[in-house]
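As a plain string of letters, each chain reads:
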Amino acid sequence: MSADMAAWVPATDVEVGLCEARARGDWAAYFDVLAATHVFLADGRREVDAGYGESEIGAPWWNPAIGQWCLTVVTEGMLPVPSADIVFHSPYLHQVGELLAEGGQWLAVNPGTPCEGYFPPNPQLWRMHEQRVKTPDQTKRLRAIRTGPTRGPLAQGLACGAQLCINNGFPWNMVNWHGAGYQNERRTLKEWWGIESRADWLEQQETLLSPNVGASYWEFVLMVRKGVTQAVGRPADAMTWRSATEQVLRAEGESEKTIKKAGGIIGKILRYEARFRADGILAEDQCVSSVRAWYLGRASNMARWGLGARFCDAGETEQRLVQTAELSRAAYSSWADFGLGFVLGRCLHFDEERFGSWFTDMVDVYRTLMSDSGSPWLNIPWFGERGETAERGVAGY
């Protein structure tokens, strides 16, 4: 083995699994790993954007060792820093097999690494592996890039987006973001956010990071409760909170409709907090302080999604991530507070008090981040490189 190969570090659990299966000669396990993750094919961005079809980038190549033309796929830990010219597709494994069968090529997986493999196309067998294991969209667990940031402001900015990364099956500290492939990233941003250009992305990123985003009714009523709590030196009860909110709104000349709307939001928040306590993620004497995390957590991911869609470059993504960390530190006192703010914001936005998957998925992710020994929330001090830790703890953790 060459010195470079000996020094090679598998970046994710995917490459580890491939290495272990290859060392055992267990090719069924090897394909189980591939079937449960994203695989990536390189292509030229100009050709993809213009709809010209395949470019010379990522074209089949002759492998003299096996005497076959091969098409290369790489796993997520092998992806390069996103560039302006090269993008990646992320098909399912059986789809790669069908493409290979049409062209008469072999599959080359991560060539030149200790987890490499070369195989004749067998789309039927590879589909069977996909049916036997979870697909990437169903895999919700804490994952990390072993070679990625784990300390400092950049890591903290990444950790602010960990809830969505876990829910979507991606490593929490992935900076060189390709997501589910260039075209999928663009499609998702268009369908969910209406983003179709760099200008759209910049506008949305600025909105998520703006302090004015806290001017929503959700944040307003929470700020009133915080003010009352600080004034009386104890948590504000529901009646006092409602009364204080009504007084503030009347003093500002707001309508009865607005006052009624604020009262309805207070009721929703109280019922969600009661469920948080019943589920053991919020202590009896604690409340959610702010929903800014709902915006900042998505801003952390938006910085990466913009890179995957090539609406920004890697340097700008890192800048936005550090900015997210700074704003999060100013708004919260601990990862626990931040995480609950994100869960509440997501529920108010999507769940409509159904306590369905919009709620349960995030509660499960929150528990993971507050208990898993590998969690960035347990390993990165809230105040980052200042060396201060302000974790207050949450009931049951």
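Residues numbered from 1 in each chain as written. Predicted model: local features only at pLDDT ≥ 70, side-chain atom pairs only at ≥ 80, totals over all residues. Heavy atoms only, no water.

Describing the nonpolar core
Consideration 1: In terms of nonpolar packing, the biggest core is built from 78 residues, with Phe276, Phe338 and Trp377 touching the most fellow members.
Consideration 2: Counting residues in each nonpolar core, the second largest holds 21 residues, with Ala21, Leu41, Leu100 and Cys115 among its members. (Core = buried A, V, L, I, M, F, W, Y, C linked by side-chain atoms within 4.5 Å. Buried < 20%, exposed > 50% of the residue type's maximum accessible area, 1.4 Å probe, protein only.)

Quick look at the layout of surface pockets
Consideration 1: Within this model, the largest pocket holds a volume of roughly 940 Å³.
Consideration 2: Lining the largest pocket are 32 residues; nearest its centre among them are Asn168, Phe170, Thr188, Trp192 and Trp305.
Consideration 3: Residue assignment for the lining of the largest pocket shows that the elements contributing at least two residues are α8 (162-168), α9 (182-193), α14 (292-308), α16 (335-351) and α17 (357-371).
Consideration 4: A total of 7 residues in the lining of the largest pocket trace back to one element, the largest contributor, which is α9.
Consideration 5: Of the residues contributing to the lining of the largest pocket, the split by class is 15 nonpolar, 10 polar and 7 charged. (1 Å grid on protein atoms, 1.4 Å probe; cavity = no way out; pocket = protein on both sides within 12 Å on 5 of 7 lines; lining within 4 Å. Points joined across faces, edges and corners; volume = space filled by probe spheres on them. Helix = DSSP H or I, 4+ residues; strand = E, 2+ residues; numbered from the N terminus. Nonpolar A, V, L, I, M, F, W, Y, C, P; charged D, E, K, R; others polar.)

Things to note about unusual backbone geometry
Consideration 1: Even without being a glycine, Asn110 presents a positive backbone phi close to 45°.
Consideration 2: Positive phi outside glycine occurs at Glu352, with the angle close to 55°.
Consideration 3: Residue position: Glu352 is located in the loop between α16 and α17.
Consideration 4: Residue Glu352 is classed as partly exposed on the basis of its relative accessible area, which comes to 44%.

A word on the packing of helix α10 (residues 198-209) against α14
Consideration 1: Following both chains from N to C, one finds α10 and α14 inclined at 150°, their axes separated by 8 Å at the closest point. Comparing their axes, α14 and α10 come out roughly antiparallel. Taken as a pair, α10 and α14 cross one another with a handedness that is left-handed. Residue-level inspection shows Trp201, Gln204, Gln205, Leu208 and Leu209 of α10 in contact with α14, the latter providing Arg292, Tyr295, Leu296, Arg298, Ala299, Met302, Ala303 and Gly306. (Axes fitted to C-alpha atoms, helices over the stretch in contact; angles between N-to-C directions. Parallel < 35°, antiparallel > 145°, perpendicular 65-115°, else oblique. Left-handed = near helix turned anticlockwise from the far one by under 90°. Contact = heavy atoms within 4.5 Å.)

Regarding the packing of aromatic side chains
Consideration 1: The tally for this structure, following the rule as stated, stands at 24 aromatic pairs.
Consideration 2: Centre to centre, the rings of Tyr30 and Phe119 are 5.4 Å apart; their planes meet at 50°, and the pair counts as tilted. Here Tyr30 is found in helix α3 (residues 27-35), whereas its partner Phe119 is found in strand β6 (residues 117-119), with 89 residues between them in sequence.
Consideration 3: On the basis of relative accessibility, which here comes to 10%, the residue Phe119 falls in the buried class.
Consideration 4: Their ring planes at 85° and their centres at 4.6 Å tell us that Trp335 and Trp382 sit as a pair that is edge-to-face. Taken together, the positions of Trp335 in helix α16 and Trp382 in the segment after α18 (376-379) put the pair 47 residues apart, joining distant regions of the chain. Side by side, Trp335 and Trp382 carry an identical accessibility label, which is buried.
Consideration 5: By way of ring pairs, the aromatic residues Tyr332, Trp335, Phe338, Tyr366, Trp377 and Trp382 are connected into one cluster.
Consideration 6: Just above the ring of Trp241 sits the side chain of Arg225; from NZ or CZ to the centre is 4.2 Å. (Phe/Tyr/Trp six-rings, centres within 6.5 Å; stacked < 30°, edge-to-face > 60°. Lys NZ or Arg CZ within 6 Å of the ring centre and 35° of its normal.)

Details of helix α5 (residues 93-103)
Consideration 1: By the burial criterion, the buried members of α5 are Leu93, His94, Val96, Gly97 and Leu100. Each buried residue of α5 lies within a common arc of 150° when the element is viewed along its axis, so the set occupies one face.
Consideration 2: Tucked inside the fold, the buried residues of α5 contact α3, β1 (39-44), β3 (68-75), β5 (106-109) and α6 (123-132).
Consideration 3: Downstream of α5 by one or two residues, Gly104 has phi in the positive range, about 75°. (Arc of directions from axis to C-beta.)

Here's the deal with the confidence of the model for the chain
Detailed reading of predicted coordinates is not advised where the pLDDT is low.
Consideration 1: Taken residue by residue, the chain gives an average pLDDT of 91. The fraction at 70 or more is 92%.
Consideration 2: Overall, residues 384-397 carries pLDDT values under 50, and its contacts beyond four positions in sequence, including any with other chains, amount to 36 contacts. (pLDDT = per-residue confidence, 0-100.)

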